[in-house]
Amino acid sequence: MIRALAAALLLATSAWADEVRYAVRINVQWEADTGNPDNPHWSRLIAFAHSTRYSLFADGDTASSGLALVATNGRVGVLEAELAEGRRRGRVGEQLVLPGLSTGVGVFEFELPVTQKLRAISFATMLAPSPDWFSGASGVVLFDGQRWLDDVRVPLWVWDAGVDSGPDFEGANLPTQPRQSVRLLAHPAFLRSDALRPIGEAAFERID
């Protein structure tokens, strides 16, 4: 009886732990095909933990300057500055930047700590070459109010940042004025016969 109570207490303590760590594995599947460029690749990936009061992107919202630069040329410096401001306000936690992938098919892997306050993870990477198209996940919440989730899987889509009107993968920059909202990309390269085609999947696994 005492052993059972101790085990239950340990389980409850673990479920409510203030800080835990997640391993994140991001599989992307973008292959050169008819109508696609012959050099598909991905820019550096920026990822971070944050509170539910911070949003990297959302369908219908306007991209921040930092996200716009990630989406148009893979530069992360401005977004890092935005995250620094979010950290000053207590809304952003640990962040990291991973090297890009030289091909369209590959894996990004990293680990991040999260807390009950900073319980979400977001990330973004540019699909290249492209006008302003990117993939990522925004606000994947890993604590449901009762416990830390052991395993979360999220499909990845291609998004249009709404800041460049170039119609296809390669060509001159055509800045969009005024900027449009972030939206799912309905380009033929990422469509099935009846729906959008995911570009990959992100798996979040609790490791402590």
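Structure: see above.
What counts and what doesn't
- Residues numbered from 1 in each chain as written.
- Predicted model: local features only at pLDDT ≥ 70, side-chain atom pairs only at ≥ 80, totals over all residues.
- Heavy atoms only, no water.
- Helix = DSSP H or I, 4+ residues; strand = E, 2+ residues; numbered from the N terminus.
- Buried < 20%, exposed > 50% of the residue type's maximum accessible area, 1.4 Å probe, protein only.
- Contact = heavy atoms within 4.5 Å.
- Phe/Tyr/Trp six-rings, centres within 6.5 Å; stacked < 30°, edge-to-face > 60°.
- Core = buried A, V, L, I, M, F, W, Y, C linked by side-chain atoms within 4.5 Å.
- Polar contact = N/O pair within 3.5 Å; in protein donor to acceptor, adjacent residues only side chain to side chain.
- Salt bridge = Lys/Arg side-chain N within 4 Å of Asp/Glu carboxyl O.
- Axes fitted to C-alpha atoms, helices over the stretch in contact; angles between N-to-C directions.
- Parallel < 35°, antiparallel > 145°, perpendicular 65-115°, else oblique.
- Left-handed = near helix turned anticlockwise from the far one by under 90°.
- Nonpolar A, V, L, I, M, F, W, Y, C, P; charged D, E, K, R; others polar.

A.B. asks: Is there a simple way to explain the overall build of the protein in this structure?
C.D. replies: Within the protein one finds 3 helices and 11 strands. Across the protein, helices and strands are ordered from the amino to the carboxyl terminus as α-β-β-β-α-α-β-β-β-β-β-β-β-β. Of all 208 residues assigned to the protein, the portion counted as buried reaches 46%. Taking the intrachain contacts of the protein between residues at least 6 apart in sequence as the baseline, contacts between residues at least 24 apart amount to 73%.

A.B. asks: Can you help me understand the packing of aromatic side chains in this one?
C.D. replies: Between two aromatic rings, the relevant description is the distance of the centres plus the angle of the planes. This model, assessed by the stated rule, comprises 10 aromatic pairs. Judged by centre distance (6.3 Å) and plane angle (55 degrees), the ring pair of Tyr-22 and Trp-148 falls under tilted. Here Tyr-22 is found in strand S1 (residues 19–29), whereas its partner Trp-148 is found in the loop between strand S7 (133–141) and strand S8 (151–156), with 126 residues between them in sequence. Using a relative accessible area of 0% as the deciding quantity, one classes Tyr-22 as buried.

A.B. asks: Explanation requested: the nonpolar core in the structure shown.
C.D. replies: Generally speaking, soluble globular proteins have nonpolar side chains that are buried together. Judged by nonpolar contacts, the single largest core of 38 residues is most densely connected at Tyr-22, Ile-26, Phe-110, Phe-123, Leu-142, Phe-190 and Phe-204. Elements supplying a minimum of two residues to this core: S1, strand S3 (45–50), strand S4 (92–98), strand S5 (105–115), strand S6 (120–128), S7, S8 and strand S11 (200–206). Broken down by element, this core gets its largest block of residues, 5 residues, from S1. Those residues in contact with Phe-123 that sit more than four places away from it in its chain are Ile-26, Leu-45, Ile-46, Ala-47, Leu-56, Phe-57, Ser-135, Gly-136, Ala-137, Leu-156, Ala-202 and Phe-204.

A.B. asks: Please explain the side chain of Thr-125 as it appears in this structure.
C.D. replies: With respect to the helices and strands, the residue Thr-125 is situated in strand S6. Looking at Thr-125, the relative accessible area reads 2%, which means it is buried. Of the polar contacts made by the side chain of Thr-125, one reaches the backbone oxygen of Ser-43; its length is 2.9 Å. With residues near it in sequence (within four places) discarded, Thr-125 still touches Trp-42, Ser-43, Arg-44, Leu-45, Val-70, Phe-108, Phe-134 and Ser-135.

A.B. asks: Got a minute to help me understand the pattern of salt bridges in this structure?
C.D. replies: A pair can form between side chains of opposite charge whenever their charged atoms are brought close. Under the criterion given, the structure shown has 7 salt bridges. Where Arg-89 meets Glu-85, a salt bridge forms, and the shortest distance between an N and an O atom there is 3.0 Å. Arg-183 is the partner of Asp-160 in a salt bridge, and the nearest nitrogen-oxygen pair spans 3.4 Å. Placement of the pair is Asp-160 in strand S9 (residues 158–160) and Arg-183 in strand S10 (residues 183–184), with a sequence separation of 23 residues. Three or more residues joined by partner-sharing salt bridges are found here, namely Glu-85, Arg-88 and Arg-89.

A.B. asks: What is the right way to read the side chain of Thr-115 from this model?
C.D. replies: Mapped onto the elements, Thr-115 comes out in strand S5. Overall, Thr-115 belongs to the buried group, its relative accessible area being 17%. In terms of polar contacts, Thr-115 uses its side chain to reach the backbone amide nitrogen of Leu-118, at 2.9 Å. Setting aside residues up to four positions removed in sequence, Thr-115 forms contacts with Asp-18, Glu-19 and Trp-148.

A.B. asks: It is not clear to me how the packing of helix H2 (residues 65–73) against helix H3 (residues 77–88) should be interpreted in this structure. Could you clarify?
C.D. replies: A pair of packed helices can be characterised by two numbers: the angle between their axes and the separation between those axes. Axis separation between H2 and H3 bottoms out at 7 Å; the angle between their running directions is 155 degrees. Relative to H3, H2 is oriented roughly antiparallel. Crossing angle aside, the handedness with which H2 passes H3 is left-handed. Of the residues in H3, those in contact with Ser-65, Gly-66, Leu-67, Leu-69 and Val-70 of H2 are Val-78, Leu-79 and Glu-82. Among the residues forming the contact of H2 with H3, the class breakdown is 5 nonpolar, 2 polar and 1 charged.

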